[in-house]
Amino acid sequence: MNYWLMKSEPDAFGINDLCNKPDRTEHWDGVRNYQARNMMRDEMKLGDQVFFYHSNCDVPGIVGIMEVVREGYPDFTAFDPDDKHFDPKSDPAQPRWFMVDVRHVRTLSRTITLQELKQKQELANLALVRRGNRLSIMPVSQQQWDFIRSLE
């Protein structure tokens, strides 16, 4: 099993939005970064565990846990000219962008804030706390996963 962290702005799509979807499941669309796309397309597998991270908000941090329930497939929002994630260069015959489906597992009892994560020596190698890392999807080692879970 792999572990991940996926960021979303709560004003655009937050953990409560995921909870309100049928079966608490939704596709994770709109990723327009090749490195993040490759992770979803090639590396994320059924059953992988994912931290849901609220970004670009007053208190950014980890707010919940999700599970990958459908492996990478073409992101259909790239083909829809009426969608904000439309990419005119994306072709359904050779899709450029991919997504996965995730299901809400649980909401944490508290937000584990970015500030708190940055203060933990055990997380010095976590991509999220490294300077200049702006990816919306990133791998988390099992040791990092277990340590972050212990913070709740």
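Trainee: Could you give an account of the pattern of salt bridges, naming the residues involved and the relevant values?
Mentor: Opposite charge on two side chains permits pairing when their charged atoms draw close. Following the criterion strictly, the structure yields seven salt bridges and no others. For Lys-21, the salt bridge identified is with Glu-26, shortest N-O distance 3.3 Å. Residue classification places Glu-26 among the buried positions, given a relative accessible area of 18%.

Trainee: How would you sum up the environment of Pro-139? Please name residues and give values.
Mentor: Examined against the element boundaries, Pro-139 turns out to sit in strand E6 (residues 137-140). Sequence separation between Pro-139 and Met-39 is 100 residues, and the spatial gap between their C-alpha atoms is 8.4 Å. When residues no more than four places from it in sequence are discounted, the contact partners of Pro-139 are Tyr-3, Trp-4 and Met-39.

Basis of the calculations
Residues numbered from 1 in each chain as written. Predicted model: local features only at pLDDT ≥ 70, side-chain atom pairs only at ≥ 80, totals over all residues. Heavy atoms only, no water. Salt bridge = Lys/Arg side-chain N within 4 Å of Asp/Glu carboxyl O. Buried < 20%, exposed > 50% of the residue type's maximum accessible area, 1.4 Å probe, protein only. Helix = DSSP H or I, 4+ residues; strand = E, 2+ residues; numbered from the N terminus. Contact = heavy atoms within 4.5 Å.

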